[in-house]
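A look at the structure
Here is what each chain is made of, one letter per residue.
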Amino acid sequence: MTPTVIWHDLECGAYSEDLTLWRRLAAECGGPVLDVGAGTGRVALQLARDGWAVVALDHDIELLNALACRAQGLKVQTVCADAREFELGRAFALCVVPMQTIQLLGGSEARMRLLRCVRRHLSDGGVLAIAVAPELELYETDAEVLQVLPDMTEVDGVLYSSQPVAIRGRQESYALVRRRERVDAHGRRRIAENVVRLDRLAPEELEREGAGAGFVPSGREEVAETAEYAGSVVVMLSG
Ligand SMILES: C[S@@+](CC[C@H](N)C(=O)[O-])C[C@H]1O[C@@H](n2cnc3c(N)ncnc32)[C@H](O)[C@@H]1O
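In short, a report on the structure.

Rules used throughout
Throughout this document, residue positions are counted from 1 along each chain, in the order its sequence is written. For this predicted model, a pLDDT threshold of at least 70 governs which residues receive local features, and a threshold of 80 or more governs which side-chain atom pairs are given and counted, while totals over whole chains, interfaces and linings are taken from all residues. To get the side-chain values, take all heavy atoms of the structure and skip hydrogens and water. Here a residue is near a molecule or strand as soon as one of its heavy atoms is found within 4 Å of it. Within 3.5 Å is the distance limit for a polar contact, defined as a pair of N or O atoms, with the added protein rule that one can donate a hydrogen and the other accept it, and that residues adjacent in sequence qualify only through two side-chain atoms. To measure how exposed things are, a 1.4 Å probe is used in the Shrake-Rupley method; for residues, cover is taken only from the protein chains shown. Residue classes follow a fixed rule: Ala, Val, Leu, Ile, Met, Phe, Trp, Tyr, Cys and Pro count as nonpolar, while Asp, Glu, Lys and Arg count as charged, and any other residue, Gly among them, counts as polar. Numbered from the N terminus, helices here are DSSP runs of H or I no shorter than four residues, and strands are runs of E no shorter than two. Each residue is assigned to one of three classes by its accessible area relative to the maximum for its type, calculated with a 1.4 Å probe on protein chains only: buried under 20%, partly exposed between the two thresholds, exposed over 50%. Should any heavy atoms of two residues lie within 4.5 Å, those residues are counted as being in contact. Comment: axis = line fitted to C-alpha atoms, over the contacting stretch for helices; angle = value between 0 and 180 degrees taken between N-to-C directions. Angles below 35 degrees are treated as roughly parallel, those above 145 as roughly antiparallel, those between 65 and 115 as roughly perpendicular, and all remaining angles as oblique. Rotating anticlockwise by less than a right angle from the far helix to the near helix defines a left-handed crossing, while the corresponding clockwise rotation defines a right-handed one. Each pair of strands is called paired provided DSSP finds at least two bridges between the two strands. Each reported salt bridge corresponds to a side-chain nitrogen of Lys or Arg within 4 Å of a carboxyl oxygen of Asp or Glu. Only the six-membered ring of Trp is used, alongside the rings of Phe and Tyr, when aromatic pairs are assigned; centres must lie within 6.5 Å, and planes under 30 degrees apart are stacked while those over 60 apart are edge-to-face, with the rest tilted. Working rule: Lys NZ or Arg CZ, within 6 Å of ring centre, within 35 degrees of ring normal, means a charge sits over the ring.

Quick word on the site of the ligand
Close contacts around the ligand come from 18 residues, with Gly37, Arg42, Asp58, Asp82 and Ala83 the closest. Glycine 37 is positioned such that a nitrogen or oxygen atom in its backbone is 2.6 Å from a nitrogen atom of the ligand. Here a nitrogen atom of the ligand and a backbone polar atom of alanine 83 are 2.8 Å apart. In the complex, the protein chains occlude 91% of the 600 Å² of accessible area that the ligand would expose alone. Along the lines of polarity and charge, the residues of the shell around the ligand split into eight nonpolar, five polar and five charged.

Set out below in structure tokens:
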């Protein structure tokens with residue numbers, strides 16, 4: 001496994017609170033399913049294990065390679081592409097955009113590009129479901145006085161630890177700050193700060209944008225917060 005895959009698995013892989021919802025939506029809409037921003041396949045693999053044919057799209061080839069290895073024997077196709085600009089030449093009954101991936105795109109114009117792209121790939125009556133974290137609680141922790149245990153894993157004798165240390169608010173985005181520490185078999189430590197920028201996005205704004213891209217807003221679902229992950233609202237848009 002590459003470091004990119006290890007950090008991704010460590011920071012996203014254990015999240016499971018939203019899976020019931022994606023599984024229910026697939027049961028209601030049927031397949032095939034398009035998973036946008038699939039990462040190492042947390043959602044795509046679950047849906048494929050349930051029997052759905054899934055196309056897992058991401059712009060990171062290392063994450064997709066790990067996903068493809070884990071998908072052996074399942075009906076999963078990986079596609080390396082930008083979510084704002086892709087052409088697959090086929091239609092889907094359901095498209096899911098889990099875990100605030102929509103807020104990573106860099107603003108409204110980028111979201112509109114994704115929405116128009118997905119619209120072209122939905123079959124009649126198909127559904128696009130997008131998870132949004134509208135409000136994040138801001139905090140800043142002194143990295144030397146860590147309050148919460150970090151997520152940790154060991155791979156090939158190397159210890160990886162990831163600790164969320166701050167959520168900072170900007171006018172149009174949030175900065176999620178993590179302290180990543182790696183300790184190798186010789187005890188050598190490497191510490192780095194990792195910052196992810198999330199666009200601020202309210203469900204009603206996404207519904208307006210969806211309508212502008214030709215969708216009909218068709219409801220919202222709540223995913224409860226957990227001790228480690230923020231809650232989210234899943235906005236449903238019908239094609
Ligand atoms: C928060 S992770 C979510 C991963 C996975 N869907 C899950 O729920 O565990 C966001 C994913 O979106 C991908 N991503 C971000 N921007 C993208 C873009 N413009 N096009 C395609 N994928 C993108 C990242 O590589 C990453 O795998």
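Moving on, there is more to tell.
Considering unusual backbone geometry
The linkage connecting glycine 31 with the following residue, proline 32, adopts the cis geometry, with an omega of -5 degrees. One non-glycine residue, methionine 99, adopts positive backbone phi at about 55 degrees. If you trace the backbone, methionine 99 turns up in the loop between β4 (92–97) and α5 (108–121). Here methionine 99 falls in the partly exposed class, since its relative accessible area comes to 22%. Of note, aspartate 156 is a non-glycine position whose phi angle comes to about 50 degrees, a positive value. Along the polypeptide, aspartate 156 turns up in the loop between β7 (151–155) and β8 (158–169).

Observations regarding the side chain of threonine 40
In this structure, threonine 40 sits in the loop between β1 (33–36) and α3 (42–49). Only 2.8 Å separates the side chain of threonine 40 from the side chain of aspartate 9, close enough to count as a polar contact. Excluding anything up to four places from it in sequence, threonine 40 contacts Val5, His8, Asp9, Leu45, Leu63, Ala66, Leu67 and Arg70.

What about the packing of helix α2 (residues 19–29) against α3?
Viewed as axis vectors pointing N to C, α2 and α3 meet at an angle of 45 degrees, and their least axial separation amounts to 10 Å. Between α2 and α3, the angle falls in the class oblique. Relative to α3, the crossing made by α2 is right-handed. Each of Leu19, Trp22, Arg23 and Ala26 in α2 lies in contact with α3, whose residues at this interface are Arg42, Val43, Gln46 and Leu47. Its residues assigned to classes, the contact of α2 with α3 comprises five nonpolar, one polar and two charged.

A few points about the pairing of strand β9 (residues 173–183)
With respect to burial, β9 is a largely interior element, nine of its eleven residues being buried. Judged from the ten bridges that link them, β8 and β9 form a sheet pairing that is antiparallel. Bridged to glutamine 163 within β9 is arginine 179. Following β8, the chain reverses through three residues before pairing antiparallel with β9. The pairing of β9 with strand β10 (residues 189–199) spans eleven bridges and is classified as antiparallel. The residue of β10 that forms the bridge with alanine 175 is arginine 197. Following β9, the chain reverses through five residues before pairing antiparallel with β10; glycine 187 in that reversal takes a positive phi of roughly 80 degrees.

As for the pattern of salt bridges
One pass over the structure, following the stated rule, counts 20 salt bridges. Between glutamate 205 and arginine 111 there is a salt bridge, with its nearest N and O atoms 3.3 Å apart. Note that glutamate 205 is positioned in helix α6 (residues 203–212) and arginine 111 in helix α5, a separation of 94 residues in sequence. Exposure remark for glutamate 205: the relative accessible area of 26% places this residue in the partly exposed category. With a closest N to O distance of 2.9 Å, arginine 188 and aspartate 184 form a salt bridge. Here arginine 188 falls in the exposed class, since its relative accessible area comes to 53%. Bridged by salt links that share partners, the residues Arg111, Arg197, Asp199, Glu205 and Glu209 form one connected network.

Brief notes about the packing of aromatic side chains
All told, the structure shown has two aromatic pairs when counted by the stated rule. Between the aromatic rings of tryptophan 7 and tyrosine 160, the centroid separation amounts to 5.2 Å while the plane-to-plane angle is 85 degrees, which identifies the pairing as edge-to-face. With tryptophan 7 in helix α1 (residues 3–12) and tyrosine 160 in strand β8, this residue pair connects regions lying 153 residues apart in the sequence. Accessibility expressed as a relative area gives 10% for tryptophan 7, which makes it buried. Looking at tyrosine 160, the relative accessible area reads 4%, which means it is buried. For the cation-ring pair, arginine 119 lies above phenylalanine 215, with the distance from its terminal atom to the ring centre recorded as 5.7 Å. A cation over a ring is seen here: arginine 200 above tyrosine 174, with NZ or CZ 4.3 Å from the ring centre.

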